[in-house]
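Listed below are the residues making up each chain.
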Amino acid sequence: MTSLSPAILAILTPFSILFSRPVWNNALTLIVGAILCRGKRTICAVLRIMGLSNETSFAKYHHVLNRVKWSPLLASKILLNLVMSMGEKSQQLVLYIDETLERRRGPKIKAKGYYRDAVRSSKSIVVKSSGLKWLTLAVAWRFPFSARYFALPIMTTLEPSEKSDNTNLQK
């Protein structure tokens, strides 16, 4: 994708080591399409906005996310290094850790469990919800155009329930 500016390529190029060259080109197409896309950012919507809705081998774009081997941990390390290199040397590093409950149903959801729902619970009433529990690591970051700090997610991982963990160990 040669139509990207050098400034954008300087940010995206460090991630190219995660993929082979053909897959990286597909990933760039998906990244640009996701930035331009309005509404839901599905693969089909991204391909449509990029003018590839009639692409006969559209499955290769789906494979970037679900079949290609890449390391999310290495991607997180690259992202953290990139964010840190953009900051001031004197800037203090503040990390946030947050748990999020994604309410999911269905027989194909493997790692779901019952967790305390922080949104629906109060001090006196504990509400449990079925879903997936995610743990997110974020960096506090202040952009030059803003007076406040933002939490930039660096890494997110699934915390499987104890029941699903035990089921996976038995298999």
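All figures in this text were calculated on a predicted structure; none of them were measured in a lab. (Residues numbered from 1 in each chain as written. Predicted model: local features only at pLDDT ≥ 70, side-chain atom pairs only at ≥ 80, totals over all residues. Heavy atoms only, no water.)

A. Structural view of the nonpolar core. Judged by nonpolar contacts, the single largest core of 19 residues is most densely connected at Phe-15, Leu-18, Phe-19, Trp-24 and Leu-30. Of all the secondary-structure elements, those providing two or more residues to this core are helix 2 (21–36), helix 3 (43–49), helix 4 (59–66) and helix 5 (72–86). Sort the elements by how many residues they give to this core and helix 2 lands first, with six residues. Once residues lying within four places of it in the same chain are set aside, the contact partners of Trp-24 are Leu-12, Thr-13, Phe-15, Ser-16 and Phe-19. (Core = buried A, V, L, I, M, F, W, Y, C linked by side-chain atoms within 4.5 Å. Buried < 20%, exposed > 50% of the residue type's maximum accessible area, 1.4 Å probe, protein only. Helix = DSSP H or I, 4+ residues; strand = E, 2+ residues; numbered from the N terminus. Contact = heavy atoms within 4.5 Å.)

B. Representation of the environment of Phe-143 within the structure. Within the element layout of this structure, Phe-143 appears in the loop between strand 3 (128–141) and strand 4 (150–159). Considering only alpha carbons, one finds Phe-143 and Gly-87, 56 residues apart in sequence, at a separation of 9.4 Å.

C. Structural view of the packing of aromatic side chains. By the definition in use, this model includes two aromatic pairs. Relative to Trp-70, the ring of Phe-19 lies with its centre 5.9 Å away and its plane at 45°, an arrangement referred to as tilted. Taken together, the positions of Phe-19 in the loop between helix 1 (6–12) and helix 2 and Trp-70 in the loop between helix 4 and helix 5 put the pair 51 residues apart, joining distant regions of the chain. Classification of Trp-70 as partly exposed rests on a relative accessible area of 34%. The cationic tip of Arg-148 hangs over the ring face of Phe-150; the distance from NZ or CZ to the ring centre is 4.3 Å. (Phe/Tyr/Trp six-rings, centres within 6.5 Å; stacked < 30°, edge-to-face > 60°. Lys NZ or Arg CZ within 6 Å of the ring centre and 35° of its normal.)

D. Examining a nonpolar patch on the surface more closely. On the surface, a nonpolar cluster with roughly 310 Å² of combined accessible area is contributed by Ile-35, Leu-36 and Ile-49. If you trace the backbone, Ile-35 turns up in helix 2. (Patch = residues over 30% accessible without salt bridge, like charges linked within 9 Å, V, L, I, M, F, W, Y side chains within 5 Å. Areas by Shrake-Rupley, 256 points an atom, 1.4 Å probe, with all protein chains shown as cover. Salt bridge = Lys/Arg side-chain N within 4 Å of Asp/Glu carboxyl O.)

E. Broad picture of the environment of Ile-43. Mapped onto the elements, Ile-43 comes out in helix 3. A relative accessible area of 13% means that Ile-43 is categorised as buried. The spatial distance from the C-alpha of Ile-43 to the C-alpha of Lys-133 is 24 Å, given a sequence separation of 90 residues. The residues contacting Ile-43, other than those within four sequence positions of it, are Leu-30, Tyr-61, His-62 and Leu-65.

F. Structural detail: the packing of helix 2 against helix 4. Closest axis-to-axis distance for the helix 2/helix 4 pair is 9 Å, and the angle between their directions is 95°. The angle between helix 2 and helix 4 places the two elements in the roughly perpendicular class. Of the residues in helix 4, those in contact with Val-23, Asn-26, Ala-27, Thr-29 and Leu-30 of helix 2 are Lys-60, Tyr-61 and Val-64. (Axes fitted to C-alpha atoms, helices over the stretch in contact; angles between N-to-C directions. Parallel < 35°, antiparallel > 145°, perpendicular 65-115°, else oblique.)

G. Summary view of the pattern of salt bridges. On inspection of all chains with the given rule, the structure shows four salt bridges. What emerges from the salt-bridge pattern is a single network uniting Arg-103, Asp-117 and Arg-120.

H. Region of interest: the environment of Tyr-115. For Tyr-115, the position within the fold is in strand 2 (residues 113–116). Separated by twelve residues in sequence, Tyr-115 and Arg-103 have C-alpha atoms that sit 9.9 Å apart. Not counting residues within four places of it along the chain, the set of residues in contact with Tyr-115 comprises Leu-101, Val-127, Lys-128, Ser-129, Gly-131, Leu-132, Lys-133, Glu-159, Pro-160 and Ser-161. Engagement of the side chain of Tyr-115 in a polar contact is seen with the backbone oxygen of Glu-159, the distance being 3.4 Å. (Polar contact = N/O pair within 3.5 Å; in protein donor to acceptor, adjacent residues only side chain to side chain.)

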